[in-house]
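# Coordinates in review
If you want the building blocks of each chain, they are given just below.
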Amino acid sequence: MLQSKLFPKTSRSAPKDAESINHKYLVRGGFIDQLMSGSWTLLPLGYRVVDKINKIIREEIDKTGAQEVLMPLLHPKSVWNETGRWDKADSVMYKLMDVRGKDYVLSFTHEEIVLDLIRKHLKSYSDLPLALYHFSTKFRNEPRARSGILRGREFIMKDLYSAHADKKDFENYYERVKEAYLKIFERIGFETFVTESGGGVFTDNFSHEFQVVADGGEDTIYHCKKCGWAFNEEVFDAKEVKEPIDTKFKTECIKCGGEVIKDRSIEVGNIFSFGQSYCKMMNVTFTDTEGKNNFPYFGSYGIGTSRVMGAWVEVSHDQKGIIWSKATAPFAVHLIEVASDKQEVRKRTQKLYDKLLSSGIEVLWDDRQVSAGEKFNDADLIGIPYRLVVSEKTNDNEVELKERLKEEIEMIKVEDLIKRLST
RNA sequence: CGGAGUGUAGUGUAUCGGUAACACGCUGCGUUCGGGACGCAGAGAUACUGGGUUCAAUUCCCAGCACUCCGACCA
């Protein structure tokens, strides 16, 4: 990609109202643009980052045996009445009415929708387990959108739903998804804590959250320094918790006696167990091995992928800008030519660019006719992990490489570079 | 929804009871080219909206709207 063609340009100053780091840097770098409070466009750079995150999620979720679909965002009232959530979840739903007076809701989740789908096609125990997921927009009427892209009224989410013939099979899959989520967040580069939490309008059963420690987060978690055991502060305060957690955990781990730390955190994913309740409400049944009608065990599993991008920026940045991980970066390498008016430098840069592209490496080439300083500053802001410089100091075989995280610059042979970027 | 703050050119700011200035960005020409270069010449604003006070309002007052923050809320 030629940076001279990249939409839009970077900005030297952040919007005056922006306070959270992800808001400032993502806007300045040209990753996102705000339409209104809580509503953002993913610009080319931002869309690439979210796409990278989504690909990792897709790979790991596919491994659990789930199948990808795409469900509608406009839902009829009737489906939501079946579980009572048309009324119960009223405050988070964007409801609308068409010219004939029919009621609709913009999707804020898909349990009812996927269960309607499943009940039409599920016949036998041999059709189970069944796991379906999609990436799509969620609409939530948040009382207060905030923190840049972290809490919007419209955002991208991967949601997975699974149905199982018995409790044991469900529990096995739930654990498998938990493992898959940990793998996903590890691949992205996060250090993640799994916490128990309340389910809100979603479930009265147990659920788990995946939390990333960050100053800009809106949750508070307690986690053990030694064994990693973690709890959301909400759980301590929630009166309906059936199995009271020893408040001692606030200072001393109930698992291993280790030191417990309190931190602000961002919830990047969560998983829910619903038991058979939803299937009963929606009359989702199958014929079990004994020839009788039975209700599947059901769960749902979400990752807010646009939020993951914002959370990454909160966690990984410095005074100059964003520092993407290899897994999340919009491009693998940022290629910069210095003294680009020199024909010879331009030619060598073009040659390297072509070579990298033909090696399957994603390159952002800063081909703009601007000063070196401006290019370097933009490179630091955009935060691609590797920066290459071609100049009069380099030659056909060797170029300059600098990692975004490091200060030092090294000269590297082009072949070695390609090897390094390919791994 | 309660509380606070802010609304002036694309962006960030300044100004002031007498119709708006600066920087960046943008356009043209030239010179530059290793950490946000420089010169010259340009374009770009009904000062968020609506009321009120006043001879006169971008400025003071009121209301509304928008955005941000705190709280409530939050798969």
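Here the structure is a predicted model, which means the values were calculated and not measured.

A word on the overall build of chain A. Scanning chain A from N- to C-terminus turns up 12 helices and 21 strands. Here the C-alpha atoms of chain A give a radius of gyration of 24 Å, agreeing with the 22 Å that 2.2 N^0.38 yields for 423 residues. Once the C-alpha set of chain A is aligned to its principal axes, its extents read approximately 80 × 60 × 45 Å. Looking at the 423 residues of chain A, the share that counts as buried comes to 41%.

Our next topic: the sheet that holds strand β4 (residues 74–76). Read from one edge to the other, the open sheet built from 3 strands follows the order β4-β6-β5, with strand pairing classed as antiparallel. Since the sheet does not close on itself, it has two edges, and those belong to β4 and β5 (94–97), each with one partner. Each strand axis lies, on average, 35° off the axis of its neighbour in the sheet, ignoring direction.

Attention shifts here to the sheet that holds strand β19 (residues 386–390). Pairing is mixed in the open sheet, where 5 strands are placed in the order β18-β17-β19-β20-β21. Each edge of the sheet is formed by a strand with only one pairing partner; in this case those strands are β18 (363–366) and β21 (409–413). The average angle at which neighbouring strand axes cross in this sheet is 30°, direction not considered. Summarising the sheet, strand β20 (residues 398–403) and β21 pair through 5 bridges and their orientation is antiparallel. Bridging across to β21, leucine 401 finds its partner in glutamate 410. Together, β17 (333–337), β18, β19 and β20 form the strand contacts of helix α10 (residues 343–358), whose direction differs from that of β17 by roughly 165°. Running at roughly 105° to β21, helix α12 (residues 414–422) makes contact with β17, β19, β20 and β21 of the sheet.

With that settled, consider the pairing of strand β2 (residues 39–42). Along a regular strand, successive side chains alternate from one face of the sheet to the other. Of the pairings in the sheet, the one linking strand β1 (residues 32–36) to β2 comprises 4 bridges and is antiparallel in character. Bridging across to β2, glutamine 34 finds its partner in tryptophan 40. As consecutive antiparallel partners, β1 and β2 are separated by 2 residues, and within that stretch glycine 38 has a phi angle of approximately 80°, a positive value.

Moving on to the confidence of the model for chain A. Considering every residue of chain A, the mean pLDDT works out to 93; 95% of them sit at 70 or more. Counting interchain partners and residues more than four positions distant, the pLDDT-below-50 stretch residues 239–244 has 1 contact. Across the whole predicted complex the pTM is 0.96, and at the interface the ipTM reaches 0.96.

Let us look at the environment of glutamate 252. Mapped onto the elements of the fold, glutamate 252 is located in the loop between α7 (233–237) and β13 (260–275). Between the alpha carbons of glutamate 252 and lysine 225 there is a distance of 9.8 Å; along the sequence they are 27 residues apart. If near-sequence neighbours (up to four positions away) are discounted, glutamate 252 is found in contact with Gly257 and Val260.

Judged by nonpolar contacts, the single largest core of 100 residues is most densely connected at Ala311, Val333, Leu335, Ile384 and Leu388. Among the elements that make up this core, the one with the highest residue count is helix α6 (residues 167–188) (9 residues). Counting the residues that make up this core, at least three belong to each of domain 1 (10–315) and domain 2 (333–422). Those residues in contact with isoleucine 384 that lie beyond four places of it in its chain are Trp324, Ala329, Pro330, Phe331, Val333, His334, Leu364, Ala379 and Arg404.

A few words on unusual backbone geometry. Looking along the chain, the bond that leaves phenylalanine 7 and enters proline 8 is cis, with omega of -10°. Of note, proline 8 is situated in the segment before α1 (21–28). Residue leucine 128 is joined to proline 129 through a cis peptide bond whose omega torsion reads 0°. By the secondary structure assignment, proline 129 is in the loop between α5 (111–121) and β7 (130–139). One non-glycine residue, serine 147, adopts positive backbone phi at about 55°. Within the secondary structure, serine 147 is located in the loop between β7 and β8 (154–164).

The subject of this paragraph is the packing of helix α2 (residues 44–63) against helix α9 (residues 305–315). Two numbers describe how α2 lies on α9: the axes approach to 9 Å, and their chain directions differ by 110°. Classed by the angle they form, the pair α2 and α9 counts as roughly perpendicular. In the packing of α2 onto α9, the handedness of the crossing is right-handed. Two secondary-structure elements touch here, α2 through Gly46, Val49, Val50, Ile53, Asn54 and Ile57 and α9 through Thr305, Ser306, Val308 and Met309. Residues of the contact of α2 with α9, tallied by class, amount to 6 nonpolar, 4 polar and no charged.

With that settled, consider the packing of α1 against α9. Angle between the axes and distance between the axes are the two parameters that describe a pair of packed helices. Viewed as axis vectors pointing N to C, α1 and α9 meet at an angle of 105°, and their least axial separation amounts to 8 Å. Between α1 and α9, the angle is such that the two are roughly perpendicular. Here Ile21, Asn22, Tyr25 and Leu26 of α1 come into contact with α9, specifically with Gly310, Val313 and Glu314. Of the residues assigned to the contact of α1 with α9, the class counts are 4 nonpolar, 2 polar and 1 charged.

Residue pairs three or four apart in sequence face the same way in an α-helix, which turns once every 3.6 residues. A rise of 1.5 Å per residue sets the reference length of α6, with its 22 residues, at 32 Å; its end C-alpha atoms lie 31 Å apart and thus fit the reference within 8%. All of the buried residues in α6 are Phe170, Tyr173, Tyr174, Val177, Ala180, Tyr181, Ile184, Phe185 and Ile188. Projected onto a plane normal to the axis of α6, the buried residues spread over an arc of 130° and lie on a single side. Among the exposed residues of α6, those pointing more than 90 degrees away from its buried face are Lys168 and Glu175. Glycine 189 occupies a position one or two residues after α6 and carries a positive phi of about 120°.

What counts, and at which threshold
- Each chain has its residues counted from 1, running along the sequence as written.
- Written order determines the labels here, with chains lettered from A and ligands numbered from 1.
- Note on the predicted model: pLDDT of at least 70 is required for a residue's local features to be given, and 80 or more for side-chain atom pairs to be given and counted; whole-chain, interface and lining totals, by contrast, use all residues.
- By definition, any uninterrupted DSSP run of H or I lasting at least four residues is a helix, any uninterrupted run of E lasting at least two residues is a strand, and each is numbered from the N terminus.
- Each radius of gyration is computed over the set of C-alpha atoms, and the globule rule expresses the reference value as 2.2 Å times the number of residues to the power 0.38.
- Three exposure classes are used, based on other C-beta atoms lying within 10 Å of a residue's own C-beta, which is placed from the backbone: buried for 20 or more, exposed for 12 or fewer, and partly exposed in between.
- DSSP-based pairing: two strands are paired if at least 2 bridges between them are found.
- Orientation is described by axes fitted as lines to C-alpha atoms, over the contacting stretch for helices, and by angles from 0 to 180 degrees between their N-to-C directions.
- Placing a C-beta atom from the backbone of each residue, one calls two residues in contact when those atoms lie within 7 Å.
- Values of pLDDT, the confidence the predictor places in each residue, fall between 0 and 100.
- For this analysis, nonpolar core means a set of buried Ala, Val, Leu, Ile, Met, Phe, Trp, Tyr and Cys residues linked through C-beta atoms within 7 Å.
- What fixes the domain bounds is an automatic or database domain assignment.
- By the definition adopted for this analysis, an angle is roughly parallel if under 35 degrees, roughly antiparallel if over 145, roughly perpendicular if from 65 to 115, and oblique otherwise.
- By definition, turning the near helix anticlockwise from the far helix through less than a right angle yields a left-handed crossing, and turning it clockwise yields a right-handed one.
- Gly counts as polar in this scheme, as do all residues outside two lists: the nonpolar Ala, Val, Leu, Ile, Met, Phe, Trp, Tyr, Cys and Pro, and the charged Asp, Glu, Lys and Arg.
- Here a helix's expected span is defined as the number of its residues, less one, multiplied by 1.5 Å.
- Regarding the arc, it is the one traced by the directions from the helix axis to the C-beta atoms.

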